[in-house]
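Analysis of the macromolecular model
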Amino acid sequence: MATEVKIEEGWKKALKEEFEKPYFQELRTFLHKELRAGKSIYPPGALIFNAFDKTPFDQVRVVILGQDPYHGPGQAMGLSFSVPRSVRRPPSLLNIYKELQEDLQVPIADHGDLTHWAEQGVFLLNAMLTVEKGRAGSHKNIRWQSFTDAVIKKLSEEKDGLVFLLWGRFAQGKSDLIDQTKHHVLNSAHPSPLARGGFFGCKHFSRTNEILLGQGYRPIDWNLTGSS
C-alpha cells in the first residue's frame, strides 16, 4: 500500500496509484529477496527515494535525468550524478562541473554532493532507483522504469514550465513522456568521457536559468563550493 512507502508527502499523494499497482509490489518483493540472499544493493534503503525527499513534488522546477545509481561502495546516494562528500568525484560529474565553470564561471567544487541543487527544486532522478554492487544496469529490467516513467508523466501532466535536461541517448529516449508544448526540453550528449566531449558547450545551466527567470522564478544557484 502507498502508506508503506516512506517518501515525501506530496510525492506520496501524486504517486499513490503507482504504489498500489502489482508491478510495484513485485519490485519491492524482488529487492527484499535480493537483500535476504546477501546481495549488496545501492543506495541504502533509506536513500532510495532521496531525490523525492530532497525535492518535494510542489517544488520541482528542473529535472536532470540519470540512468541508474553508481554501483561502487559508498557512491550512490539516491540523487542522479551525485556522490557523498567522502567519495571521489566520478568522471561524468567532473565534466558537468567543467561545463558549469565554462558556462557560468562557477568554481569547480571539491566534492560531489549535489544536495544543494536538489533543495532548490532540481529533481535529480535516476530511471532505475537501485543497482546491485558492481553490476551496472543490473536492475534495468525489474520495473523501475515503469515507476520512473510514471513519475515523469505525472510531472509533465500536473506542472507547467519545467526544464528537463536530457543528457545522452538514454535520457533523450524519455522525451516522448514530456508534453513539450508546456515544458522546456534541453538535449545534449552525455557528460561521460565516453561521449568524447560532446557535452561541452551545451550551456544548459545558463539556459535553464534564463528560462526560469523568463517565467518569474528565481534562478538556480549552481555554485556548490559554499554549500554545506
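Calculation notes
- Residues numbered from 1 in each chain as written.
- Predicted model: local features only at pLDDT ≥ 70, side-chain atom pairs only at ≥ 80, totals over all residues.
- Heavy atoms only, no water.
- Helix = DSSP H or I, 4+ residues; strand = E, 2+ residues; numbered from the N terminus.
- Rg over C-alpha atoms; globule rule 2.2 N^0.38 Å.
- Buried < 20%, exposed > 50% of the residue type's maximum accessible area, 1.4 Å probe, protein only.
- Contact = heavy atoms within 4.5 Å.
- Areas by Shrake-Rupley, 256 points an atom, 1.4 Å probe, with all protein chains shown as cover.
- Lys, Arg positive; Asp, Glu negative; His and termini not counted.
- Charge placed at Lys NZ, Arg CZ, Asp CG, Glu CD.
- Core = buried A, V, L, I, M, F, W, Y, C linked by side-chain atoms within 4.5 Å.
- Phe/Tyr/Trp six-rings, centres within 6.5 Å; stacked < 30°, edge-to-face > 60°.
- Lys NZ or Arg CZ within 6 Å of the ring centre and 35° of its normal.
- Axes fitted to C-alpha atoms, helices over the stretch in contact; angles between N-to-C directions.
- Parallel < 35°, antiparallel > 145°, perpendicular 65-115°, else oblique.
- Left-handed = near helix turned anticlockwise from the far one by under 90°.
- Nonpolar A, V, L, I, M, F, W, Y, C, P; charged D, E, K, R; others polar.
- Pairing = 2+ DSSP bridges.
- Salt bridge = Lys/Arg side-chain N within 4 Å of Asp/Glu carboxyl O.
- Polar contact = N/O pair within 3.5 Å; in protein donor to acceptor, adjacent residues only side chain to side chain.

Time to look at the overall build of the protein. Counting its regular elements, the protein contains 9 helices and 6 strands. Relative to the globule expectation of 17 Å for 228 residues, the C-alpha radius of gyration of the protein, 17 Å, shows essentially globular dimensions. Projected onto the principal axes, the alpha-carbon positions of the protein cover approximately 45 × 35 × 30 Å. In the protein, which comprises 228 residues, the proportion classed as buried is 53%. In the protein, the proportion of contacts linking residues at least 24 apart, taken out of those at least 6 apart, comes to 67%. Entry remark: accessible area of the protein is about 11000 Å², with carbon and sulfur atoms responsible for 49%. The distance from the centre of the 29 positive side-chain charges to the centre of the 26 negative ones in the protein is 5 Å.

Judged by nonpolar contacts, the single largest core of 68 residues is most densely connected at Trp 11, Phe 49, Phe 52, Trp 117, Phe 123, Trp 144 and Phe 147. Each residue touching Phe 49, except ones within four places of it in the same chain, is listed here: Val 5, Lys 6, Ile 7, Phe 24, Leu 129, Trp 144 and Phe 147.

This part takes up the packing of aromatic side chains. Considering all chains together, one arrives at 22 aromatic pairs under this definition. Here the aromatic rings of Phe 49 and Phe 52 are separated by 5.7 Å at their centres, their planes lie at 70°, and the arrangement is edge-to-face. Phe 52 matches Phe 49 in its accessibility class, with the two residues each being buried. Judged by its relative accessible area of 0%, Phe 52 falls in the buried class. By the ring-pair criterion, three or more aromatic residues cluster together here, those being Trp 11, Phe 19, Tyr 23, Phe 24, Phe 49, Phe 52, Phe 57, Phe 123, Trp 144 and Phe 147. In this arrangement the basic side chain of Lys 159 is found over the ring face of Phe 57, its NZ or CZ atom lying 4.7 Å from the centre.

Turning next to the packing of helix H3 (residues 22–36) against helix H7 (residues 144–158). When two helices pack together, their arrangement is given by the angle between the helix axes and the distance between those axes. Running from N to C, H3 and H7 cross one another at 130°; their axes reach a closest spacing of 9 Å. One finds that H3 runs oblique with respect to H7. Judged by the sense of rotation from one axis to the other, the crossing of H3 with H7 is left-handed. Judged by residue contacts, Tyr 23, Phe 24, Leu 27 and Leu 31 of H3 engage Trp 144, Ser 146 and Phe 147 from H7. Here the contact of H3 with H7 is built from residues that sort into 6 nonpolar, 1 polar and no charged.

Right, let's talk about the pairing of strand E5 (residues 163–167) for a bit. Among the 5 residues in E5, 5 count as buried, and that is most of the element. Because side chains alternate across E5, one face comprises the buried residues Val 163, Leu 165 and Trp 167, and the other comprises Phe 164 and Leu 166, equally buried. Alignment of strand E2 (residues 62–66) against E5, held across 3 bridges, turns out to be parallel. Its bridge partner lying in E5, Val 63 is registered against Phe 164. By the bridge criterion, 5 bridges tie E5 to strand E6 (residues 184–188) in an arrangement that is parallel. Across the sheet, residue Trp 167 finds its bridge partner in E6, namely Ser 188.

This brings us to the pattern of salt bridges. Summed over all chains, the structure comprises 8 salt bridges. With a shortest N-O distance of 2.9 Å, Lys 21 and Glu 18 are connected by a salt bridge. By relative accessible area, Glu 18 is classed as buried at 12%. Across the salt bridge formed by Arg 135 and Glu 132, the nearest N and O atoms sit 2.8 Å from each other. Using a relative accessible area of 45% as the deciding quantity, one classes Arg 135 as partly exposed.

Tracing the sequence through the fold places His 183 in the loop between helix H8 (169–172) and E6. Residue His 183 is classed as buried on the basis of its relative accessible area, which comes to 5%. Each C-alpha atom, one on His 183 and one on Glu 26, is 32 Å from the other, the two residues being 157 residues apart in sequence. Excluding anything up to four places from it in sequence, His 183 contacts Leu 155, Ser 156, Lys 159, Asp 160, Gly 161, Leu 162, Phe 164 and Ile 178. Here the side chain of His 183 touches Ser 156 through a polar contact of 2.9 Å, landing on its backbone oxygen. A polar side-chain atom of His 183 sits 3.2 Å from the main-chain carbonyl oxygen of Lys 159.

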